[in-house]
Amino acid sequence: MILLKSNLVESLETGGKPAVLHALQQAIQLEHATIPPYLYAMYSLGQQTDNAAVADIIGSIVAEEMLHMTLACNVLNAIGGHPVIDTPAFTPDYPGPLPGGVESGLIVNLAPFSLDVVKNVFMEIEEPQDPNDYPETATLLEANGQAGVTIGQFYDEIKKQLIALGEDAFTGDPARQVQPPFPEGGIVTDLASALEAIDIIIDQGEGTGTTPLAGEDGELAHYYKFAEIYYGHALIKNPNAKPTDPPDQQYYYGGAPITYNASEIAQIPTNPKAADYPSGSAQRHAMDNFNYTYTSLLKGLHDLFNGQPDTFRRTLGAMMSLRQQALDMMAGTNLPGPIGPSFEYQPVNPA
């Protein structure tokens, strides 16, 4: 599992409101930093129906990561903070640890889809502190042995400190927040709604200790969605399990097959950079255009999460454009061959 630096929690314990503001900004960066690797793998699957099931699962996780980022921004706004998204420092550098991660721990790459990436990167990112050991998952429970805290423990400490700050901390203007376009989550106005938002982030990412679902009737948590891809079958209820049986006997990976066609995966490099291609080349032009769209998206999100809801359509348009540009690059459309986008900060229009 991925571990965050222990000082993130230690500073929260003694830092008061400034430390909670800083931690929530870290949480926003952390949630965002998972999205480019997930998108890179998902786009590499192409648009063939053979790979649709896997792409849909990854896409559902990306959508919930956007929800988590939105909720973290709402909580930060609710206690008087201001999300900072439109800066080069906000943009992750791949390969590297996730923001706040233990530097000797998991290194995250921009890599095309493979079962190795799903198991050793994506499931590591989403693994809860005590995952339910459903059949065939025992090999994934190796001890890490490094000093640090899990993402769930990080969010638990944020909850603890929000409780300590109390209702008086919620001085932010609700008009600066965004109503998520999902059934879950909403505007944060007080301690109860803030804790609810954090619980959604934790449960959708890790599940609970007794079920792989994010809530009693929710979807599977991210760790178990990725495990479905790895094991090639949907996680379903065990009809032979008794209510008194342990949680890891209540489900098993024996549902509908989840398959993909490896021959349809784009042959693209891992961790590409715009600088890998000569200035003036078609590949460099495509990279620069993608990165300009990506940076425009970050600018739109920054405005959206800082009280400018009229930027929603512009931001949505950038998301759609980003997807098509990535698919064209990975298909090699109008290029000498397939390439992958680098998700770098590019504030100047290269056109």
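For the structure, see preceding data.
Structural notes, computed from the coordinates. It should be emphasised that the depicted structure is a prediction, and the values quoted were computed from it without experimental measurement.

**Notes on the packing of helix α3 (residues 115-126) against helix α6 (residues 222-231)**
For the pair α3 and α6, the least separation of the axes is 9 Å and the interaxial angle reads 170°. Put simply, α3 runs roughly antiparallel to α6. In the crossing of α3 with α6, the sense of the turn from one axis to the other is left-handed. Of the residues in α6, those in contact with L115, V118, K119, F122, M123 and E126 of α3 are H222, Y223, F226, A227, I229 and Y230. Split into classes, the residues belonging to the contact of α3 with α6 amount to nine nonpolar, one polar and two charged.

**Side note on the nonpolar core**
One finds I58, F113, I158, L162, F170 and F226 to be the most contacted residues of the largest nonpolar core, which totals 108 residues. When residues in this core are grouped by element, the largest group, 18 residues, is from helix α1 (residues 6-44). With near-sequence residues (within four places) excluded, F113 lies in contact with A41, S44, L45, V54, I58, V118, I229, Y260 and I265.

**A look at the side chain of T293**
Structurally, T293 can be placed in helix α7 (residues 282-304). Judged by its relative accessible area of 12%, T293 is buried. Excluding residues that lie within four positions of it along the chain, T293 makes contacts with A318, S321, L322 and Q325.

Rules used in this analysis
- Residues numbered from 1 in each chain as written.
- Predicted model: local features only at pLDDT ≥ 70, side-chain atom pairs only at ≥ 80, totals over all residues.
- Heavy atoms only, no water.
- Axes fitted to C-alpha atoms, helices over the stretch in contact; angles between N-to-C directions.
- Helix = DSSP H or I, 4+ residues; strand = E, 2+ residues; numbered from the N terminus.
- Parallel < 35°, antiparallel > 145°, perpendicular 65-115°, else oblique.
- Left-handed = near helix turned anticlockwise from the far one by under 90°.
- Contact = heavy atoms within 4.5 Å.
- Nonpolar A, V, L, I, M, F, W, Y, C, P; charged D, E, K, R; others polar.
- Core = buried A, V, L, I, M, F, W, Y, C linked by side-chain atoms within 4.5 Å.
- Buried < 20%, exposed > 50% of the residue type's maximum accessible area, 1.4 Å probe, protein only.

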